[in-house]
Every structure is written in structure tokens, then in C-alpha cells.
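# Structure assessment
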Amino acid sequence: MPTSSASSTDKSSASTTDKPSASTTDKPAASTGGVQSLERAFDLLERMADAGGEVGLSELSVSSGLPLPTIHRLMRTLVACGYVRQQPNRRYALGPRLIRLGESASRLLGTWARPYLARLVEETGETANMALLDGDEIVYVAQVPSKHSMRMFTEVGRRVLPHSTGVGKALLAGFPDAEVRALLTRTGMPAATDKTITTPDGFLAALEEVRRLGYAVDDNEQEIGVRCLAVSVPDSPTAAAISISGPAGRVTDPATERIVPVLQQVAAELSEALASSGTGV
């Protein structure tokens, strides 16, 4: 959740030792016109991420449907490039070179989303934010501040735990309850204020309310005097949410009725833009 500021300024296929097989490494993919080995390699990386970042070859073979020799060749190349590393237990984990790619992509996504956030500010009058779920944490990747002298502010790049934020609720509402409980066990649920939800059952009940209403509320849970309304970005390539935040005296229940449809419309338009950006050239 952004913090408040009363000032008028912004405080608040590299080669391997195996000879490549044309059937598995350079065959054009019929569906997209791409190179099959590249599509398979990226698919394996995404499956590794979905599995928590570390998997065995047999797990990848079962989930992807690819034969073990093909997976082994692709993984050897990814290891040689630094995008995957092999653990002492022979399992494979996502590698450190992906961090730089992810950080750059997050910055670009935030920059690209700014026009949508600016529209939120114009239509709601409050500070607009975009945040991603990165591992077990929420990271803010973009913000456009309100024009009010009393406005909310958070640093782009700031990381917070999801249980006390509107964007965290909006994002985790799309996850199964078992996964949410596991995340909360890993992070703990420290209280930022006396309004923070600090029990898994209480938080899961709040997520059920998010699913019912179609939006999330942080009501003085991250900072006293601040309310935040948030929605997830549908079908985003990475879990993302947008929000507005402002003083509780302005983000009232009547204001919520007016603001939420705007949030939902902008999220839908941002989703469409993200989808269109992935079309072929």
C-alpha cells in the first residue's frame, strides 16, 4: 500500500556437445511459424516457474509430453547459457541470468502501463499503481500520483507482503486456497496496523469476498488513514494488478461505487493491450 504525503511534491539454440536433430531443434513450428526448439525451451522455463522454480526431468516430461532425450538436450543448452542450473540433487532450477531479464521486463511493463494509470488518475482523482506478484512478495512497478496536495506515494520497486495490501488480495484471489495458505506460512502475517488481517482463515475469507465483489479493498490495513481499491489484470502474462489509493476520507463507500467500474474497465483494456502485443510480426 502506498504511503501518504501532505506535500505538493511526490514524496508520499546455443550449441551443445550433442549433434542437433532437425526434428527437435530447428523445425519451424507449424502453429506460429517460429522455431520449435525455441518454443519448447520457453515452454519448459514456464513450466519450471509454475512448479516453483525447481523440477526434475521426469516431471518436465510428464507435464510437457516431450520425450526425455529432447528435454535433456534443451536443458543442457539452457544450463550452458545460464538460464537454468543443475542442483547437486540432479534436479534443475531457474538460473540467475533470468533475473536480469525479469527485472528489465518488469520496468518496461511498468513504463508501458503508465498511460493506463494516468487515465485512472484523471477519472478517479487518486494515485494509481501497478504491482506484480514476484515470488511471495508484491512489487510495485509503476505509479502515477494524484494531483491532490494530500496524496499517496510509494516507491517503484518497493516490495511488500501481500496479506496487508489491496493488490495482494486482488492477485491472490485467483489462486487456490491451498497455495495461498502455503504462501502465508512462508511469509508470516505481521500486522502493519491494528486493522491488518493476521490469520490465514481471515485472509481466505477476505479473498472469497474479493471473488464475490470483483475487486479488493485495503481498508487502513497497511497504513492508518489510507484506503486502496484494486483489481487484477485479466489474463496477464504474469500476475498483475492495478489499484488506486487515497485518504480514507476521499475513498469512501460512495466513491468506491464510482471508482471500481473505472478500475475494471482500465484493467480490461490493459489486458487487451498485453494480449495484442504478443501477436506475431
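Preceding this section is the structure that the text describes.
All of these numbers come straight from a predicted model, not from anything done at the bench.

## With respect to the side chain of S64
On the secondary structure map, S64 appears in helix α3 (residues 57-64). A polar contact is formed between the side chain of S64 and the backbone oxygen of L60, at a distance of 2.6 Å. At a separation of 3.2 Å, a polar atom in the side chain of S64 contacts the main-chain amide nitrogen of L66. For S64, the residues in contact, after removing those within four places along its chain, are D43, L44, R47 and I71.

## Some words on helix α2 (residues 36-50)
Its 15 residues give α2 an end-to-end C-alpha distance of 21 Å, which sits within 8% of 21 Å, the value for a rise of 1.5 Å per residue. Those residues of α2 not exposed but buried are Q36, S37, R40, A41, L44, L45 and M48. In the segment just after α2, G52 is the residue with positive phi, at about 100°.

## Structural notes on the nonpolar core
In this structure, L117, L120, M130, I242 and L263 are the most contacted members of the largest nonpolar core, which totals 29 residues. Those elements giving two or more residues to this core turn out to be α5 (97-124), β5 (127-134), β6 (137-144), β10 (226-232), β11 (240-247) and α9 (253-276). Top contributing element to this core by residue count: α9, with nine residues.

## A look at the sheet that holds strand β3 (residues 84-86)
Strand order in the open sheet made by the three strands is β2-β4-β3, with antiparallel pairing throughout. In this open sheet, the two strands that pair with only one neighbour each are β2 (54-55) and β3. Pairing of β3 with strand β4 (residues 92-94) involves three bridges; the strand directions are antiparallel. By the bridge assignment, Q86 is partnered in β4 with Y92.

## Points about the side chain of N220
With respect to the helices, strands and loops of the structure, N220 is situated in the loop between β9 (216-219) and β10. Of note is the side chain of N220, whose polar atom sits 2.6 Å from the side chain of D219. Leave out the neighbours within four places in its chain, and N220 touches T193, K195, G225, V226, R227 and A248.

## Regarding a nonpolar patch on the surface
Taken together, the side chains of V35, L38 and F42 make up a nonpolar region of the molecular surface, amounting to roughly 270 Å² of accessible area. Of note, V35 is situated in the loop between α1 (22-25) and α2.

## Section: the pairing of β11
Counting buried positions over the eight residues of β11 gives eight, a clear majority of the element. Pairing between β10 and β11: seven bridges, direction antiparallel. By the bridge assignment, S232 is partnered in β11 with A241.

## Comments concerning the packing of α2 against helix α4 (residues 68-81)
Axis separation between α2 and α4 bottoms out at 10 Å; the angle between their running directions is 80°. As far as their axial angle goes, α4 and α2 are roughly perpendicular. Residues S37, R40, A41, L44, L45 and M48 of α2 pack against T70, I71, L74, M75 and L78 of α4. Within the contact of α2 with α4, the residues separate by chemical class into eight nonpolar, two polar and one charged.

## Considering the pattern of salt bridges
Tallied over the full model, the rule gives 17 salt bridges. For E123, the salt bridge identified is with R119, shortest N-O distance 2.8 Å. A residue pair is termed a helical-turn pair when its members lie 3 or 4 positions apart in one helix, as E123 and R119 do in helix α5 at four residues. Residue classification places E123 among the partly exposed residues on the basis of a relative accessible area of 39%.

## Looking at the packing of α2 against α3
As a packed pair, α2 and α3 sit with axes 11 Å apart at the nearest point and diverge in direction by 110°. Regarding the angle of α2 to α3, the classification is roughly perpendicular. Counting all contacts with α2, which are made through D43, L44, R47 and M48, the residues of α3 involved are L60, S63 and S64. Residue classes in the contact of α2 with α3 are distributed as three nonpolar, two polar and two charged.

## Considerations on the sheet that holds β6
Here we have six strands laid out as an open sheet, ordered β8-β6-β5-β11-β10-β9, and antiparallel in their pairing. Of all strands in the sheet, those bounded by a partner on one side alone are β8 (159-160) and β9. Judged from the four bridges that link them, β9 and β10 form a sheet pairing that is antiparallel. Residue pairing across strands places A216 opposite A230, the latter belonging to β10. Each of β5, β10 and β11 touches α9; the most contacted strand, β10, lies at about 35° to it.

Definitions and limits used
Residues numbered from 1 in each chain as written. Predicted model: local features only at pLDDT ≥ 70, side-chain atom pairs only at ≥ 80, totals over all residues. Heavy atoms only, no water. Helix = DSSP H or I, 4+ residues; strand = E, 2+ residues; numbered from the N terminus. Polar contact = N/O pair within 3.5 Å; in protein donor to acceptor, adjacent residues only side chain to side chain. Contact = heavy atoms within 4.5 Å. Expected span 1.5 Å × (residues − 1). Buried < 20%, exposed > 50% of the residue type's maximum accessible area, 1.4 Å probe, protein only. Core = buried A, V, L, I, M, F, W, Y, C linked by side-chain atoms within 4.5 Å. Pairing = 2+ DSSP bridges. Patch = residues over 30% accessible without salt bridge, like charges linked within 9 Å, V, L, I, M, F, W, Y side chains within 5 Å. Areas by Shrake-Rupley, 256 points an atom, 1.4 Å probe, with all protein chains shown as cover. Salt bridge = Lys/Arg side-chain N within 4 Å of Asp/Glu carboxyl O. Axes fitted to C-alpha atoms, helices over the stretch in contact; angles between N-to-C directions. Parallel < 35°, antiparallel > 145°, perpendicular 65-115°, else oblique. Nonpolar A, V, L, I, M, F, W, Y, C, P; charged D, E, K, R; others polar.

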